[in-house]
Each structure stands twice: as structure tokens, then as C-alpha cells.
Amino acid sequence: MTKVQDIKPLIKKIEQPITCHGISVRTNNLAETREDSAKLGSLWQSFYQSHVAKLTEAADIYGIYHHYERDDTGDFDVVAAWAEGSYQGEPSDEKNELVTVTIPAGKYMVFSESGAMPDTVIDAWEKVWAYFNDPSCEHTRTYGVDFEQYLEGNLERGQVDLHIGIE
């Protein structure tokens with residue numbers, strides 16, 4: 001069990017917006033705990049099969065959370081995406097499923113984890129929830145845009161930086 005005092009996130013200011021393109025689903029945290037309603041696994045599987053091989057070698061991959069209904073108990077959109085300019089050629093959009101989303105400039109709290117995916121991402125989110133649900137937490141989430149950044153395009157093993165928008 002993670003102790004809040006052991007969590008050491010960094011605060012980072014994103015100076016310039018980041019425009020990303022990808023595919024999206026709408027879900028919520030409760031749905032993701034049940035096999036019959038979870039959508040994120042199939043989102044990432046589809047993204048991996050359709051787009052990852054066409055990204056530039058050093059492309060970062062993003063998991064963008066936005067359009068929050070209210071907070072982490074409501075619905076939100078998740079976009080599996082790449083940064084503009086890191087796709088080789090034109091992405092195929094036969095199903096009209098590609099979306100564009102902009103990660104806004106602003107202040108983010110960054111939780112970094114390394115290891116095998118998806119456990120690494122799950123561990124990072126557990127730290128986020130523990131940190132922000134602690135009564136002594138000094139920061140407030142904005143529930144505007146949060147994002148995972150998979151460094152060097154590695155969705156199997158590597159580092160993920162989970163950025164949480166804060167006031």
C-alpha cells in the first residue's frame with residue numbers, strides 16, 4: 001500500500017500547448033474496474049494495431065483525459081494519441097474515429113513510474129488518487145486535462161509520466 005508521505009510528485013509548467021491526434025472513448029473509473037464495461041484496454045489495443053507502427057521512432061505517445069463530467073467519479077473522455085508531426089504519412093481515418101485534442105499550457109503535477117505496462121500506469125494512477133484524496137493535500141485538481149506521456153513511444157515497458165492539471 002502506498003503511503004502518501006512517500007509520494008514525491010514534481011510540479012511542472014507546460015509552456016506551450018501540445019496538439020495531439022488519436023482515437024477516443026468515453027468511460028468512467030467504475031466501468032474500468034469491470035471486465036464487461038472496461039473500454040481502455042480495447043482503446044489501446046486498437047491504437048497499437050492501427051497507429052503505433054506509423055509513428056516516428058522517438059515519438060511520445062499520450063493518453064489524454066478530458067471532458068470530465070465533474071471529477072474522478074464521473075464520465076470522461078480518454079484519447080490514445082500522438083503529438084502533431086510525429087506520424088509518418090497521413091493517418092487512415094476510414095471510420096471517422098480520429099480526434100484532435102490540445103493539451104493546454106499550464107501547471108501540472110507529474111507522477112513518474114517505470115516498468116511493465118499496464119501495471120506501471122495503474123500504479124501511477126493509484127498514487128494520484130492517494131495523493132489528492134489525502135486530507136493534508138495542498139493542491140487542487142482542475143479536472144480540465146490530465147495526460148499520460150509514454151516516453152519514447154513504449155507501450156509495453158518503460159516510463160510513463162502522468163501529468164495532473166492543478167490550480
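Cut-off values and rules
Residues numbered from 1 in each chain as written. Predicted model: local features only at pLDDT ≥ 70, side-chain atom pairs only at ≥ 80, totals over all residues. Heavy atoms only, no water. Pairing = 2+ DSSP bridges. Helix = DSSP H or I, 4+ residues; strand = E, 2+ residues; numbered from the N terminus. Axes fitted to C-alpha atoms, helices over the stretch in contact; angles between N-to-C directions. Contact = heavy atoms within 4.5 Å. Buried < 20%, exposed > 50% of the residue type's maximum accessible area, 1.4 Å probe, protein only. Core = buried A, V, L, I, M, F, W, Y, C linked by side-chain atoms within 4.5 Å. Phe/Tyr/Trp six-rings, centres within 6.5 Å; stacked < 30°, edge-to-face > 60°.

(A) Up close: the sheet that holds strand E7 (residues 145–150). With respect to topology, eight strands assemble into an open sheet ordered E1-E6-E8-E7-E3-E4-E2-E5, the strand pairing being antiparallel. At either end of the open sheet lies a strand with only one pairing partner, and these are strand E1 (10–14) and strand E5 (98–103). Along the sheet, successive strands turn relative to each other by an average axial angle of 35°, direction set aside. Helix H3 (residues 119–133) rests against strand E3 (61–66), strand E6 (106–116), E7 and strand E8 (157–165) of the sheet, and its axis sits at about 140° to E6.

(B) Region of the structure containing the pairing of E3. Within E3, six of the six residues are buried, which leaves it mostly tucked inside the rest of the structure. Burial along E3 is two-sided: the face carrying Ile-61, Gly-63 and Tyr-65 and the face carrying Tyr-62, Ile-64 and His-66 are both buried. Bridge analysis of E3 against strand E4 (residues 76–83) gives six bridges, and the strand direction is antiparallel. Paired with Tyr-62 across the two strands is Ala-81, which belongs to E4.

(C) Quick peek at the environment of Gly-115. Here Gly-115 shows up in strand E6. Relative accessible area serves as the criterion here: at 13%, Gly-115 is assigned to the buried category. Spatially, the C-alpha atoms of Gly-115 and Ile-61 are 16 Å apart, while their sequence positions differ by 54 residues. Residues in contact with Gly-115, not counting those within four places in the same chain, are Thr-120, Glu-156, Arg-157 and Gly-158.

(D) Spotlight on the nonpolar core. The biggest cluster of nonpolar side chains holds 33 residues, and the ones touching the most others in it are Leu-43, Phe-47, Phe-111, Trp-125 and Phe-132. A per-element tally of this core places H3 first, with six residues. Not counting chain neighbours up to four residues away, the residues in contact with Trp-125 comprise Tyr-65, Tyr-68, Arg-141, Asp-146, Glu-148, Leu-162 and Ile-164.

(E) Here's a closer look at the packing of aromatic side chains. Summed over the entire model, instances satisfying the criterion amount to 14 aromatic pairs. Arranged with centres 5.9 Å apart and planes meeting at 55°, the rings of Tyr-62 and Phe-147 form a pair that is tilted. Residue Tyr-62 is found in strand E3, and its partner Phe-147 is found in strand E7; the two are separated by 85 residues along the sequence. Exposure remark for Tyr-62: the relative accessible area of 6% places this residue in the buried category.

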